[in-house]
Amino acid sequence: MARGKTEIQRLIKAALGEIKADLIVTGGKLINVYSGELLEGMEIAVLDGRICYVGPSAAHARGEKTETLDARGLYISPGFVDAHTHIGHFCRPYEHLQAYLPRGTTALVASCDEPATVFGFKGVEFFLDEVAAHPLRVFTLLSMVAPQDPLLCSTPGYSQAEVAEALADPRVLGLGEIVSWLRLLQGDEELVERIEMALRQGKIIHGHTAGARDAKLCAIAAAGVSSCHEPINETDALERLRLGYWTMVREGSFRRDLEATLKPIVNRGVSLQRLILVTDGMAPDDAAADGHMDFVVRRAIHLGLSPAQAIQAVTLNAATYSGLEQEIGGIAPGRMADIAFLEDLNEVRVHSTMIGGKIMAAQGKSLVSTRPIAVPQEMVRSLRLTPNVSPAAFRIACPSPRARIRAIELVSQNITRETILDITSRDGALHAVEQRDLLKVAVFERHKPEGGVTLGVLKGFGARVGAVGATINLDDNTLMVVGSSDEDMALCANILIESGGGIAVVHRGQVLEKAEFPVGGIFSLEPWQKVAERLGRIHRRLRDLGSPFAKPVYALSFLTFVTLPALRITARGLIAAKERKIVPLFVDG
């Protein structure tokens with residue numbers, strides 16, 4: 001995106017009318033994110049995909065070949081930027097971009113977590129090439145969850161040389177969220193060295209400071225972490241704003257925090273200069289139902305931000321933090337001509353989306369004509385598990401008639417606690433107890449040749465189901481099966497292995513729902529709309545079976561998230577997250 005000498009000279013001449021613009025946008029009401037004004041009677045001239053003039057008349061830049069776009073009746077907004085998101089699960093990254101583009105989104109800052117955790121550095125390289133095939137601008141963060149914590153997870157990682165290579169790539173904006181801030185505060189040399197490499201090159205470092213307060217939050221910022229998308233209430237948001245963090249509030253598929261966080265901040269009247277609104281990931285079913293950044297902006301307006309403030313939080317603020325303010329985030333000379341044309345300002349109803357001076361989406365449909373890259377064959381059906389799992393694999397041996405165990409209890413869709421339970425064994429083994437909402441959970445080792453499986457007990461999922469399995473989980477992305485029947489769990493596991501991964505629901509020997517994710521077990525190759533339909537059906541099925549969660553699959557996906565409270569599970573064992581240690585299922589005494 002950097003401007004060369006020739007491009008600079010052409011833009012100067014076009015601004016002065018010495019050479020003529022490719023496009024002039026006339027009419028409409030311009031949303032000026034720099035001044036916070038809504039301006040009428042402005043014209044925008046574009047040359048070579050960049051804006052060269054904004055003012056009352058671009059007549060001097062009009063030539064015989066200049067096209068005109070009449071925006072009368074529309075609001076002219078900078079294209080929306082999702083400054084912290086994930087686009088490597090469910091459907092391929094290219095298809096996520098297809099879903100978001102008609103919603104006014106023209107740029108993303110995305111971490112390459114999913115392909116990195118499955119394929120290591122080759123996954124990073126694939127991600128960079130994949131997103132380059134689509135006109136929606138993706139600025140990539142090098143995943144820092146590969147693995148989340150090497151003590152507790154077995155996902156592939158990078159060498160320090162690979163980290164240096166990635167940070168030298170101009171397509172890489174910086175380091176993705178550092179979820180294991182405990183490692184950082186304990187002085188983990190590998191992590192500190194990576195931060196040093198990023199800071200030396202002027203790259204940004206996203207944070208994930210859930211649970212950190214006071215001195216710990218200060219220590220993380222002192223290390224060079226400059227943002228956090230984890231505030232879930234007013235206290236969290238204010239503390240981060242006051243400490244200089246770029247404070248991101250999310251309203252996406254995995255969490256929706258605007259109502260609890262944004263409204264009290266607005267009521268306080270604090271500066272919103274360092275507030276950024278993000279999704280932290282918007283799954284295809286939610287994109288179909290709600291939208292993308294248009295949905296986030298609409299929610300923010302309904303919760304008390306003015307339209308100008310809400311749009312600033314997804315354009316100028318996002319671009320400024322990301323070091324991209326001279327390229328995107330506003331409608332001004334020199335910036336890319338990335339524009340969202342809106343039919344309604346308060347409802348953020350998108351008419352069309354322009355990138356680089358070209359209309360790329362209109363009437364809710366992408367007009368992109370490029371094709372995604374070919375997926376390397378070695379990435380397809382690459383679970384490295386054999387479909388010969390037997391019911392015996394899920395047997396939890398217990399020679400005593402009664403035992404005390406640690407159960408993973410779901411407090412919410414993504415937070416757990418450790419619950420000590422007394423449980424009765426039968427035939428020398430522990431069994432699921434549907435009356436107590438106790439299911440078995442199994443996590444398979446896909447990343448190490450020796451294989452293996454960790455077994456545990458899950459409380460609070462709610463669904464009375466033989467088995468539900470998935471190969472997308474944060475951030476191990478390995479085979480996990482939860483259920484009440486060892487036979488159904490085995491069937492579910494084998495179906496997913498044969499499919500190369502995905503999500504499946506099995507009950508009494510019948511496959512009720514299935515979505516196949518053959519690429520690494522993390523995404524489908526189908527169009528995003530088809531993936532959205534399947535995801536929606538799976539969530540509905542699990543709710544119909546009794547799960548209290550809006551998105552039951554996500555409750556399972558977070559079970560492997562070893563840096564959130566409190567008891568988690570990976571292929572290495574049961575994890576006490578706050579202590580960073582593996583603990584046994586059975587409790588003495």
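Remember, predicted model here, so these are calculated numbers, not experimental data.

J.: Give a description of the packing of aromatic side chains that names residues and reports values.
T.: Using the criterion set out here, one finds 9 aromatic pairs in the structure. Seen from their ring centres, Phe90 and Phe517 are 6.3 Å apart, and the 65° between their planes marks the pair as edge-to-face. Placement of Phe90 in strand 9 (residues 90-91) and of Phe517 in the loop between strand 30 (510-516) and strand 31 (523-524) is noted, with a sequence separation of 427 residues between them. For Phe90, a relative accessible area of 1% gives the class buried. Geometrically, the ring pair formed by Trp246 and Tyr321 is tilted, given 5.6 Å between the ring centres and 35° between the ring planes. Of this pair, Trp246 sits in strand 15 (residues 246-250) while Tyr321 sits in helix 14 (residues 316-321), placing them 75 residues apart in sequence.

J.: Give a detailed account of the pairing of strand 23 (residues 416-424), specifying residues and quantitative values.
T.: Across 9 bridges, strand 22 (residues 402-410) lies against strand 23 in antiparallel orientation. In the strand pairing of strand 23, Ala407 is matched with Thr419. Adjacent in sequence and paired antiparallel, strand 22 and strand 23 are bridged by 5 residues.

J.: Can you tell me about the pattern of salt bridges, naming the residues and giving the values?
T.: Evaluation of the coordinates by the stated rule reveals 35 salt bridges. With its nearest N and O atoms 2.5 Å apart, the salt bridge here joins Asp70 to Arg72. Given the relative accessible area of 65%, Arg72 is considered exposed. Residues participating in the shared-partner salt-bridge network are Glu230, Arg250, Arg255, Asp257 and Asp280.

J.: Requested: an account of the side chain of Thr478, with residues and values cited.
T.: Position of Thr478 relative to the elements: it lies in the loop between strand 27 (467-470) and strand 28 (480-483). On the accessibility criterion, Thr478 (1% relative accessible area) is buried. Once residues lying within four places of it in the same chain are set aside, the contact partners of Thr478 are Val443, Phe444, Glu445, Arg446, Ala470, Thr471, Ile472 and Asn473.

J.: Give me the lowdown on the sheet that holds strand 11 (residues 137-142), citing residues and values where you can.
T.: Here we have 8 strands laid out as an open sheet, ordered 8-10-11-12-13-14-15-16, and parallel in their pairing. Strand pairing shows two members of the sheet lacking a second neighbour, strand 8 (80-86) and strand 16 (275-278), which therefore form its edges. When strand 13 (residues 204-207) meets strand 14 (residues 227-228), the two strands line up parallel, connected through 2 bridges. Counted as the bridge partner of His206 is Ser227 from strand 14. The strands touched by helix 5 (residues 160-167) are strand 11 and strand 12 (172-178); relative to strand 12, the strand with the most contacts, the crossing angle is about 130°.

Conventions and cut-offs
Residues numbered from 1 in each chain as written. Predicted model: local features only at pLDDT ≥ 70, side-chain atom pairs only at ≥ 80, totals over all residues. Heavy atoms only, no water. Phe/Tyr/Trp six-rings, centres within 6.5 Å; stacked < 30°, edge-to-face > 60°. Helix = DSSP H or I, 4+ residues; strand = E, 2+ residues; numbered from the N terminus. Buried < 20%, exposed > 50% of the residue type's maximum accessible area, 1.4 Å probe, protein only. Pairing = 2+ DSSP bridges. Salt bridge = Lys/Arg side-chain N within 4 Å of Asp/Glu carboxyl O. Contact = heavy atoms within 4.5 Å. Axes fitted to C-alpha atoms, helices over the stretch in contact; angles between N-to-C directions.

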